[in-house]
Every structure is written in C-alpha cells, then in structure tokens.
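Coordinate inspection notes
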Amino acid sequence: MYASTMEFSKTEWVAKLNEKLGALIPQIPTSSLVIKYEIVDDSHESFFYHLFLGGSEAAVREGKPEQADVTFSINEDTAALIQEGSLSTEEAFLRGLLTVDGDVALLVSIHDEIES
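Reading the values: the criteria
Residues numbered from 1 in each chain as written. Predicted model: local features only at pLDDT ≥ 70, side-chain atom pairs only at ≥ 80, totals over all residues. Heavy atoms only, no water. Helix = DSSP H or I, 4+ residues; strand = E, 2+ residues; numbered from the N terminus. Buried < 20%, exposed > 50% of the residue type's maximum accessible area, 1.4 Å probe, protein only. Contact = heavy atoms within 4.5 Å. Core = buried A, V, L, I, M, F, W, Y, C linked by side-chain atoms within 4.5 Å. Salt bridge = Lys/Arg side-chain N within 4 Å of Asp/Glu carboxyl O. Polar contact = N/O pair within 3.5 Å; in protein donor to acceptor, adjacent residues only side chain to side chain. Pairing = 2+ DSSP bridges. Axes fitted to C-alpha atoms, helices over the stretch in contact; angles between N-to-C directions.

1. Section: the overall build of the protein
Counting its secondary structure elements, the protein contains four helices and five strands. If you list the helices and strands of the protein from N to C, you get α-β-β-β-β-α-α-β-α. Evaluated residue by residue, the protein yields a buried proportion of 35% over its 116 residues. Across the protein, contacts joining residues at least 24 apart in sequence account for 66% of those joining residues at least 6 apart.

Here's what the structure looks like:
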C-alpha cells in the first residue's frame with residue numbers, strides 16, 4: 001500500500017470537483033445522472049457527497065442524494081492518495097480499492113459523450 005504524505009480534506013475534495021466541473025458544463029449531455037460518492041474513514045464512518053449532471057446544470061454537493069444512478073465507495077486513505085496525485089482512480093479501481101455500484105453502462109455512455 002502507498003503511504004500518503006498529505007492529510008485528506010473532504011471539503012477540499014468537493015471544492016476541487018466543483019472547480020473541475022465548471023469546465024465541463026458546456027459539454028454535459030441533456031440526460032441526467034446522479035453519482036453518489038462514499039468515503040469511509042478509519043473509524044468506519046462514511047462521508048457522502050454527490051454529483052448531479054443534467055441539461056446545462058452540474059453540481060457537487062455534500063451529503064447523500066435521494067437516489068443515485070451510480071455509487072463509488074472508497075476509503076479515506078485511498079482518496080487522499082488520489083487527491084495528492086500519487087494514485088489514479090483507474091489504478092484504485094483495478095486494485096479493488098475503489099468500488100462501483102449501480103448503472104455503470106449509463107456512466108460509461110455519459111463519459112463517452114463528455115469526452116467526444
């Protein structure tokens with residue numbers, strides 16, 4: 001396992017997502033998607049936030065959404081490594097450190113639309 005040199009900030013995590021999201025707003029497809037993120041700390045407490053994409057709206061908010069199309073779950077140490085750039089989300093997923101649940105096909109189709 002990697003050793004993290006940076007303390008993980010949940011608030012900074014959400015703020016950075018909001019910042020990155022601003023660049024994507026013109027490219028967001030008309031269909032909507034709600035992605036829930038769960039970050040679990042060492043005491044097994046969960047921090048939730050969610051991403052809403054739809055029409056011309058995009059927002060990241062703290063807390064659980066009423067319902068989600070896709071859920072990502074990760075522990076706080078792994079999230080810190082991703083946040084500091086020493087681990088990619090793809091590598092975390094491939095190593096089983098990041099789990100995905102829900103309508104992954106919808107997520108892939110939205111990703112393809114945003115990337116094209």
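2. Looking at the nonpolar core
Residues Ile35, Tyr49 and Phe72 are the most contacted members of the largest nonpolar core, which totals 21 residues. At the level of secondary structure, the elements contributing two or more residues to this core comprise strand S1 (33-40), strand S2 (46-54), strand S3 (57-62), strand S4 (70-75) and helix H2 (76-84).

3. So, the environment of His44
Mapped onto the fold, His44 is located in the loop between S1 and S2. Taking relative accessible area as the criterion, His44 reaches 68% and is therefore assigned exposed. For the pair His44 and Asn75, spaced 31 residues apart in sequence, the C-alpha separation works out to 8.8 Å.

4. Focus on the pattern of salt bridges
Oppositely charged side chains are able to pair whenever their charged atoms sit close together. For the coordinates displayed, the defined rule picks out one salt bridge. Of the charged contacts, one joins Arg95 and Glu91 as a salt bridge, the two residues approaching to 3.0 Å between their closest N and O atoms. On the basis of relative accessibility, which here comes to 24%, the residue Glu91 falls in the partly exposed class.

5. Points about H2
Burial runs high along H2: seven of the nine residues are buried. The set of residues buried in H2 consists of Glu76, Thr78, Ala79, Ala80, Leu81, Ile82 and Gln83. For H2, the capping residue at the N-terminal end is Asn75, with a side-chain oxygen 3.0 Å from the backbone nitrogen of Asp77.

6. Let's talk about the sheet that holds S3
With respect to topology, five strands assemble into an open sheet ordered S3-S2-S1-S4-S5, the strand pairing being mixed. Where the open sheet ends on each side, the last strands, each with one partner, are S3 and strand S5 (98-102). With strand direction ignored, the average angle separating the axes of adjacent strands in the sheet is 15°. Examined bridge by bridge, S4 and S5 share five bridges and lie antiparallel to one another. Residue Ser73 lies in a different strand from S5, and its bridge partner there is Thr99. Across the sheet, H2 lies against S1 and S4, angled at about 95° from S4, the strand it touches most.

7. Concerning the pairing of S2
Of all nine residues in S2, seven are buried, a share of seventy percent or more. Relative to S2, S1 is paired through eight bridges, and the arrangement is antiparallel. Residue pairing for S2: Val34 is matched across the bridge by Phe52. What sits between S1 and S2 in their antiparallel hairpin is a turn of five residues, with His44 showing a positive phi close to 70°. Pairing of S2 with S3, which is carried by six bridges, proceeds in the antiparallel orientation. The residue of S3 that forms the bridge with Leu51 is Val60.

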